[in-house]
Amino acid sequence: MKKKKWTNLFIYLFLGLIAISVLYPVYWIIIGSLNPGNSLFSTKLFPDRLTLEHFRYLFAETDYVIWYKNTLMIAFFNMVISTVLVVTAAYAFSRFRFPGRQQGLMAMLILQMFPGFMGMIAVYILLLQLGLLDNLWGMILVYAGGSIPFGAWLVKGYFDGLPKGLEEAAKLDGASHLQIFWKIMLPLSKPIMVFIAISNFIGPWMDFIFARLLLRSDENKTLAIGLYEMVTGRGNSEFTTFAAGAVLVAIPITLLFLLSQRFMEDGLRAGATKG
């Protein structure tokens, strides 16, 4: 009995340390955004007073609204386009047999082994030739295309676990492949679709490497580029303003996680184990 109590105490202490290590940076950023002054050295863990001046400065004196709008546009349309591409590709690989199917699946599996930045030069040249360099839609197409290999494999595993008897019964009733996909497969695959959609929204939200490479003009900057330049181009003199911007960046992601946590857990677990 005594051993069990010591074991439980150790587990709670360990979990408490993990919680502190996770929550401390979050608390520091929030407090930093409310601290008076501009520099990192003037920020206190327990400030004497709090201020919203940094948030006002973001909206009044910087292009933060433009950065936010650009990032939101890229994330939203990437979520929509990539989810459509991933789900349709996964359904085709799961339910149809056609020449090159195995080779296509193997190619997507191999592509997952290489980090995306290895193809940056090729992507840059391709967008330059298409006239999509320094263009938000060019970024969206890059993100949407890059999400297909991993997402298609994950959703295919989910589709493979769904009973084929439902489709066969629908075919006997005269349903077409499109009707089966739209009225049967999509409603049953809601958890995995939510997971894919949220993942594809989060991916480009704070991506820096591709945005820095492909976007050059001020009107096309994203949050990652704008906030980075805020603390690097001026000798780290606007850390508290950067913290305010980081707090606002976290709001959409936090809301999405809170609203879709159950679906994301179910979708990831199902897609990883079925098939």
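Residues numbered from 1 in each chain as written. Predicted model: local features only at pLDDT ≥ 70, side-chain atom pairs only at ≥ 80, totals over all residues. Heavy atoms only, no water.

S.K.: I'm lost on the packing of aromatic side chains in this one. Help?
M.R.: One pair of aromatic rings is described through two measures. These are the centre distance and the angle between the planes. As enumerated under the stated definition, the model contains 13 aromatic pairs in all. Each ring, one from F77 and one from W137, has its centre 5.0 Å from the other, and the planes form 55°; the classification is tilted. Pair noted here: F77 is in helix 3 (residues 64-95) and W137 is in helix 6 (residues 136-146), with a separation of 60 residues, a long-range link. According to the relative accessible area criterion, W137 is partly exposed, its value standing at 38%. A ring pair is formed by Y91 and F159, whose centres lie 6.0 Å apart and whose planes are at 85°; its orientation type is edge-to-face. Residue Y91 is found in helix 3, and its partner F159 is found in helix 7 (residues 148-160); the two are separated by 68 residues along the sequence. (Phe/Tyr/Trp six-rings, centres within 6.5 Å; stacked < 30°, edge-to-face > 60°. Helix = DSSP H or I, 4+ residues; strand = E, 2+ residues; numbered from the N terminus. Buried < 20%, exposed > 50% of the residue type's maximum accessible area, 1.4 Å probe, protein only.)

S.K.: Explain the pattern of salt bridges here, please?
M.R.: Two side chains carrying opposite charge are able to pair once their charged atoms lie near each other. Under the counting rule described, the total for this entry stands at six salt bridges. Put simply, R56 and E53 hold a salt bridge, and the shortest N to O gap is 2.8 Å. Of this pair, R56 and E53 are both found in helix 2 (residues 53-61), three residues apart, which corresponds to roughly one turn of the helix. In this structure, the salt-bridge partner of E167 is R95, at a minimum N-O distance of 2.2 Å. Placement of the pair is E167 in helix 8 (residues 165-172) and R95 in helix 3, with a sequence separation of 72 residues. Judged by its relative accessible area of 15%, R95 is buried. Within the structure, one salt-bridge network assembled from shared partners comprises R212, D218, K221 and E229. (Salt bridge = Lys/Arg side-chain N within 4 Å of Asp/Glu carboxyl O.)

S.K.: Can you walk me through the packing of helix 4 (residues 101-111) against helix 7 in this structure?
M.R.: Axes are the key here: two packed helices are described by the angle between their axes and the distance separating the axes. Contact geometry for helix 4 and helix 7: axes closest at 8 Å, N-to-C directions at 120°. Relative to helix 7, the element helix 4 lies oblique. Crossing hand, helix 4 versus helix 7: left-handed. Each of R101, L105, M108, L109 and L111 in helix 4 lies in contact with helix 7, whose residues at this interface are I148, P149, A152, W153 and K156. Residues belonging to the contact of helix 4 with helix 7 are distributed by class as follows: eight nonpolar, no polar and two charged. (Axes fitted to C-alpha atoms, helices over the stretch in contact; angles between N-to-C directions. Parallel < 35°, antiparallel > 145°, perpendicular 65-115°, else oblique. Left-handed = near helix turned anticlockwise from the far one by under 90°. Contact = heavy atoms within 4.5 Å. Nonpolar A, V, L, I, M, F, W, Y, C, P; charged D, E, K, R; others polar.)

S.K.: Please clarify how a nonpolar patch on the surface should be interpreted in this entry.
M.R.: Taken together, the side chains of F10, I11, Y12, F14, L15, I18, V22 and L23 present a nonpolar region at the surface, about 850 Å² in accessible area. Within the element layout of this structure, L15 appears in helix 1 (residues 2-34). (Patch = residues over 30% accessible without salt bridge, like charges linked within 9 Å, V, L, I, M, F, W, Y side chains within 5 Å. Areas by Shrake-Rupley, 256 points an atom, 1.4 Å probe, with all protein chains shown as cover.)

S.K.: Explain the environment of F257 to me, please; I cannot follow it from the model alone.
M.R.: Within the secondary structure, F257 sits in helix 13 (residues 239-273). Overall, the relative accessible area of 37% leaves F257 in the partly exposed class. The spatial distance from the C-alpha of F257 to the C-alpha of F195 is 10.0 Å, given a sequence separation of 62 residues.

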